[in-house]
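Below are the chains, spelled out letter by letter.
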Amino acid sequence: LEYVEFAVDEGAKRVLVDQLEALCFRLERQHVSKNVELWRQGAVNIVVNTPRVGHAKDVLREHGPGVSEIGLRVANAAQTVARATALGVPSYSKPVGAGELDIPAIKGVGGSVVHFIDEQSDLHRVWDIEFDPVTTAASRQPCGLRRIDHLAQTMRLDEMQSWLTYYTSTFKLEKTSITDVADPSGLVLSQALSSPAGEIRLNLNGAAELRTFAGTFLEQSFGAGVQHIAFATDDIFETATRLAETGLKRLVISDNYYDDLQACSGLKPELVKQLREARILYDRKEGAEYFQLYCEPILGGFFFEIIERRGGYQGYGARNAPARLAAQSQLLAGT
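Parameters at a glance
- Residues numbered from 1 in each chain as written.
- Predicted model: local features only at pLDDT ≥ 70, side-chain atom pairs only at ≥ 80, totals over all residues.
- Heavy atoms only, no water.
- Helix = DSSP H or I, 4+ residues; strand = E, 2+ residues; numbered from the N terminus.
- Buried < 20%, exposed > 50% of the residue type's maximum accessible area, 1.4 Å probe, protein only.
- Phe/Tyr/Trp six-rings, centres within 6.5 Å; stacked < 30°, edge-to-face > 60°.
- Lys NZ or Arg CZ within 6 Å of the ring centre and 35° of its normal.
- Arc of directions from axis to C-beta.
- Contact = heavy atoms within 4.5 Å.
- Salt bridge = Lys/Arg side-chain N within 4 Å of Asp/Glu carboxyl O.

A. Structural view of unusual backbone geometry. Phi angles above zero are rare outside glycine, and Cys 24 is one such case at about 75 degrees. With respect to the helices and strands, Cys 24 occurs in the loop between helix 1 (10-22) and strand 2 (26-31). Taking relative accessible area as the criterion, Cys 24 reaches 2% and is therefore assigned buried.

Structure representation (structure tokens):
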């Protein structure tokens, strides 16, 4: 995943930027002619677009603030688009301004666009060609976020099969078995997809009920879209300590979750105490471990997650979904 772009108005931009700053992202570059910023930490590129015209403006008008573009690093961008269009996926193009690159693209989920970056041409130099360095940004100690581990896209349940076909045919992503997500208010089905080596991981979440947290997001954004982005860290406890200093608003997990974890997992009390204090969730499969920390939701139900995988863990912490969804639903309801 080369980048994720958000289309936001001024009010939503302030909310998004506040959370990015609390996550220790740094404003590094500004587009030469557009109101577009590049925020970066590790290998994570987050593009914040406050558009006046164009595709991002259309997405903002039709769906509200949220993810409008995804950029994927591929071996050959032109060949990737040719393959996709041969399979029936609509291509996407836009007017190219002076000094801008014509980045190959196709249409994606919920009105979004998927762009392709390669090293066959100057495409991989897009940040140097189209953006100027920002030298006035405040220096900020990072919190250890290395890369994007996965994206989750939410859609109506009856749309899920068509998007599954889109990803498995166009990108040859491998799928796992469908998982029931235990939302307190109704049914949500989750389908995980990944590239063979795990460089790209996606979760497709199909909401059958609008009362669910996923369904509320669909109502707020007027259709399917990216609902959460998970960042990977090498040491989630070190990251959590740094984020305590920045004042990041974390999702508050019920104490009952940690009581049950202590009773059922066999973990040492000292570790459970660490998890509870940092509001980190935990899962384990066949000796492999998974740690999760959630930010409070913003932009109508979108949220960031921070994860650490140990011992080759390949899942997404499905057993923790009820605790996470209960906390998110209570927060949105104002209770």
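Now that the structure has been shown, we can carry on.
B. Structural context of the packing of aromatic side chains. Overall, the coordinates contain 18 aromatic pairs when judged by the stated rule. Relative to Phe 304, the ring of Phe 302 lies with its centre 4.9 Å away and its plane at 90 degrees, an arrangement referred to as edge-to-face. Judged by relative accessible area, which is 0%, Phe 304 ranks as buried. Lying across the ring of Tyr 316, Arg 309 places its NZ or CZ 5.3 Å from the centre.

C. A look at helix 9 (residues 269-278). Those residues of helix 9 that fall on the buried side of the exposure criterion are Val 272, Leu 275 and Ala 278. Summarising the axial view, the buried residues of helix 9 lie within an arc of 140 degrees, below the 170-degree limit, and thus occupy one face. Turned more than 90 degrees off the buried face of helix 9, the exposed positions are Pro 269, Glu 270 and Glu 277. Against helix 7 (236-246), helix 8 (255-265), strand 16 (280-285) and strand 17 (288-294) lie the buried residues of helix 9. Arg 279 sits one or two residues past helix 9 and shows a positive phi near 60 degrees.

D. Main features of the pattern of salt bridges. Tallied over the full model, the rule gives 20 salt bridges. Glu 245 is the salt-bridge partner of Arg 242, the closest N and O atoms lying 3.1 Å from each other. Of the two residues, Arg 242 and Glu 245 both sit in helix 7, three residues apart, roughly one turn of that helix. The structure contains a network of salt bridges with shared partners spanning Glu 2, Arg 73 and Glu 119.

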